[in-house]
Structure formats: structure tokens, C-alpha cells
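Commentary on secondary and tertiary structure
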Amino acid sequence: MNGTIAIVTGAGQGFGLALTAALAARGSRVVACSRDADRLLAATAGLPGVVALPGDITDPEFRAELVSTAWRLDLLVHNAGELGPSPLPSLEHFPLDALRGVLETTVLAPLALTQLALPLLRSSTAGTVITLSSDAAVEAYPGWGGYGAAKAALDHVSAVLAVEEPALRVYAFDPGDMRTAMHQRAFPGEDISDRPDPMTVVPALMRLLDRRPESGRYRAADLMDDGQQAQRAPGTPDRPAGSTA
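As a starting point, this report considers the structure included with it. This one's a predicted model, so the numbers in the text were calculated from it and none came from an experiment. Per chain, residue numbering runs from 1 following the sequence as it is written. Local features in this predicted model are restricted to residues of pLDDT 70 or higher, and side-chain atom pairs are both shown and tallied only at a pLDDT of 80 or more, whereas totals for entire chains, interfaces and linings draw on every residue. Note that the side-chain values use all heavy atoms of the structure and ignore hydrogens as well as water.

**Brief notes about the pairing of strand 6 (residues 169-174)**
So the rule is basically this: Under the scheme applied here, a residue whose accessible area is under 20% of the maximum for its type counts as buried, over 50% as exposed, and between as partly exposed, the area being computed with a 1.4 Å probe on protein chains only. Helix and strand assignments follow DSSP, with helices taken as H or I runs no shorter than four residues and strands as E runs no shorter than two, numbered in order from the N terminus. The pairing criterion is simple: DSSP has to find at least two bridges between the two strands. When the strands point away from the viewer and the connection leading from the first strand across the helix to the second strand turns clockwise, the crossover is called right-handed.
The element strand 6 is largely enclosed, with a buried count of 5 among its 6 residues. Where strand 5 (residues 128-132) meets strand 6, 5 bridges bridge the pair, whose relative direction is parallel. Looking at the pairing, isoleucine 130 lines up with tyrosine 171 of strand 6. Crossover handedness for the path strand 5 to helix 5 (residues 145-164) to strand 6: right-handed.

Set out below in C-alpha cells:
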């Protein structure tokens, strides 16, 4: 991992920030982005090798700036995502404009960014794309129709990309429940302090990157034990909740 150049979206807090810090600690150069400029700059200040680039990945000009800032690229992590309305509405009452926003941020923007980054990733000896998945992508939970549909679509984009780009590693990574701001928005007013801190989940993804198994969908739960080999998880759900990408 030393010397890796990475782009991590949604890196201002939560899992994206924890992953950025872990990559930086290993000597990677990370281009970290987030829509909240103040939060991103404060969170990444002092992290060695991290270039903080505030912006919105739904903006084509910003996506181009991200790729040009990286100039070389080994790892692209699509961590940014959009939950949608809170409290989570049923599909009967889901505002369609809000659903468009969820799909734009969670599916279309990552695909567009990947399209721009593919030439750089193909030039790397270890080109890797990671999309953040969720158990809501493979299980039907009331209220999770919008977010779950977007994550299911992103899973399929990842799966097809893996077939089309066999020289790359393409992983859909399901981190499971985490104690993040997005997860709190999904359960307003509830105590989510029992969920794992994102920092405790990052080692599972680092293990996946170190082992570089075949492309596919992997769960953090299957990667947490050092003695356990990574297992593909094409559709095994976690407990009812959502990803916090």
C-alpha cells in the first residue's frame, strides 16, 4: 500500500475519513473530497500525503479536477452517497425529486468519475475500484426503498465493470452498520451508540486491499478475522439497517 495514489470521496467524516487516515498512515497519497469544505479541511489537517479537495462529485467540472489532481491513480473509492429524506419514507410517499438526488449522488456520479479515471487505473499495476455497498442493496427493508435501490444499482455497476475490466480489481464492499452521521439520520432520535465506530471497520477493507482476491462483493464481517479468508458475498444480508457510505 506504500506509494499508492488514491481518491476517496465522502472523506470529510465517518468511514471515508477513517479510510483516508488509514491509507495516509501507510504512506499513500490520498486525494480526499467532500462537499463540506470546512469539515474536510479540518478533518484532514495534519494527515500526511492527503490533498483535501472540497467539492461535489455530481459536478462534472469537479470530477475532472479530482482526476487531474491525482495525475496517477491506483485506487478509487466511491464512499460518498446520499440517504434521501429523513425520517425514511415509504415508497408510496417517496418524493421523486429526492430519489433523483439519491441516484445522482450514489450511482451516476460514481460511474461518471470512474469513466474519467479508467485510463489512469488501467495504467496502474494494481488498479482498484471500490464501491460502498449496503445490506439494503440485497434485502427489502421498509423505508429503505430509495437508498436500497441506489445501492443495488451501484452493486450491479461494480459487477459489470469487473467483467468489462478484467485487469482491474473491482470490489463492492459492504461495511455493515456503523456509528455515523448518515446512520443517525436514518434513525432520528434513536441511540445508535452500539454501532461500531468506522475506524474499527476500516481494517477489513485494508485486508481486502492487501489480499486482492478476485473482483466481487465482500462484507466486512467476513474480513474481520485475520485467520479467515475473504469470502465473496453475492447477496448475504447484514442485520436490518443500512450502509453508512
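On we go.
**What to know about the sheet that holds strand 6**
Worth spelling out the cut-off: Between N-to-C directions, angles span 0 to 180 degrees; the directions come from axes that are lines fitted to C-alpha atoms, helices contributing only their stretch in contact. It only takes one pair of heavy atoms within 4.5 Å for two residues to be counted as in contact.
Strand order in the open sheet formed by 7 strands is 3-2-1-4-5-6-7, with parallel pairing between adjacent strands. Single-partner strands in this sheet number two, and they are strand 3 (50-54) and strand 7 (216-219). Averaged over all pairs of adjacent strands, the angle between their axes in this sheet comes to 20°, without regard to strand direction. Across 3 bridges, strand 1 (residues 5-8) lies against strand 4 (residues 75-78) in parallel orientation. Looking at strand 4, one finds that valine 8 is bridged to valine 77. Packing of helix 1 (residues 14-25) onto the sheet brings it into contact with strand 1, strand 2 (29-34), strand 3, strand 4, strand 5 and strand 6, and relative to strand 1 it is tilted by some 170°. Against the sheet, helix 2 (residues 37-44) touches strand 2 and strand 3, its axis set at about 170° to strand 3.

**So, the packing of helix 1 against helix 7 (residues 198-211)**
Put simply, the rule is: Throughout this description, any angle smaller than 35 degrees is read as roughly parallel, any larger than 145 degrees as roughly antiparallel, any in the 65 to 115 degree range as roughly perpendicular, and the remainder as oblique. Handedness of a crossing is defined here by the sense of rotation of the near helix relative to the far one, left-handed for an anticlockwise turn of less than a right angle and right-handed for a clockwise turn. Residues are grouped as follows: Ala, Val, Leu, Ile, Met, Phe, Trp, Tyr, Cys and Pro are nonpolar; Asp, Glu, Lys and Arg are charged; every other residue, Gly included, is polar.
Where helix 1 contacts helix 7, the two axes come as close as 9 Å, and the packing angle between them is 60°. Overall, the two elements helix 1 and helix 7 adopt an arrangement that is oblique. Viewed along their axes, helix 1 and helix 7 form a crossing whose handedness is right-handed. In this structure, helix 1 contributes Gly14, Phe15, Ala18, Leu19, Ala22 and Leu23 to the contact, and helix 7 contributes Pro198, Met199, Val201, Val202, Leu205 and Met206. Across the contact of helix 1 with helix 7, the residue classes break down as 11 nonpolar, 1 polar and no charged.

**Quick look at helix 5**
Applied cut-off: Helix span, expected: 1.5 Å multiplied by one less than the number of residues in the helix.
Taking 1.5 Å of rise per residue, 20 residues should cover 28 Å, and helix 5 covers 28 Å from first to last C-alpha, within 8% of that figure. Those residues of helix 5 lying buried are Gly146, Tyr147, Gly148, Ala150, Lys151, Leu154, Asp155, Ser158, Leu161 and Ala162.

**Here's the deal with empty space enclosed by the protein**
The following threshold applies: With a 1 Å grid spanning the protein atoms alone, the term cavity applies to any set of points in which a 1.4 Å probe fits but cannot get out, the term pocket to an open set with protein on both sides within 12 Å along at least five of seven lines, and the term lining residue to any residue with an atom within 4 Å of a point. Grid points are joined across faces, edges and corners, and a volume is the space filled by probe spheres set on the points.
By the definition in use, this model includes 1 cavity of 30 Å³ or more. Lining the largest cavity, in full, are His78, Pro110, Leu111, Thr114, Val129, Thr131, Leu154, Val157, Ser158 and Leu161. Broken down by element, the residue count for the lining of the largest cavity peaks at 4 residues, all from helix 5. Its residues assigned to classes, the lining of the largest cavity shows 6 nonpolar, 4 polar and no charged.

**Things to note about unusual backbone geometry**
In this structure, proline 87 follows serine 86 across a cis peptide bond, with omega equal to 0°. Its location among the elements puts proline 87 in the loop between strand 4 and helix 4 (96-123). Positioned with a positive phi, tryptophan 71 is a non-glycine residue whose angle comes to about 55°. Given a relative accessible area of 54%, tryptophan 71 falls into the exposed group. Here the phi dihedral of arginine 212 falls at roughly 45°; this positive angle occurs in a residue that is not glycine. With respect to the element layout, arginine 212 can be found in the loop between helix 7 and strand 7.

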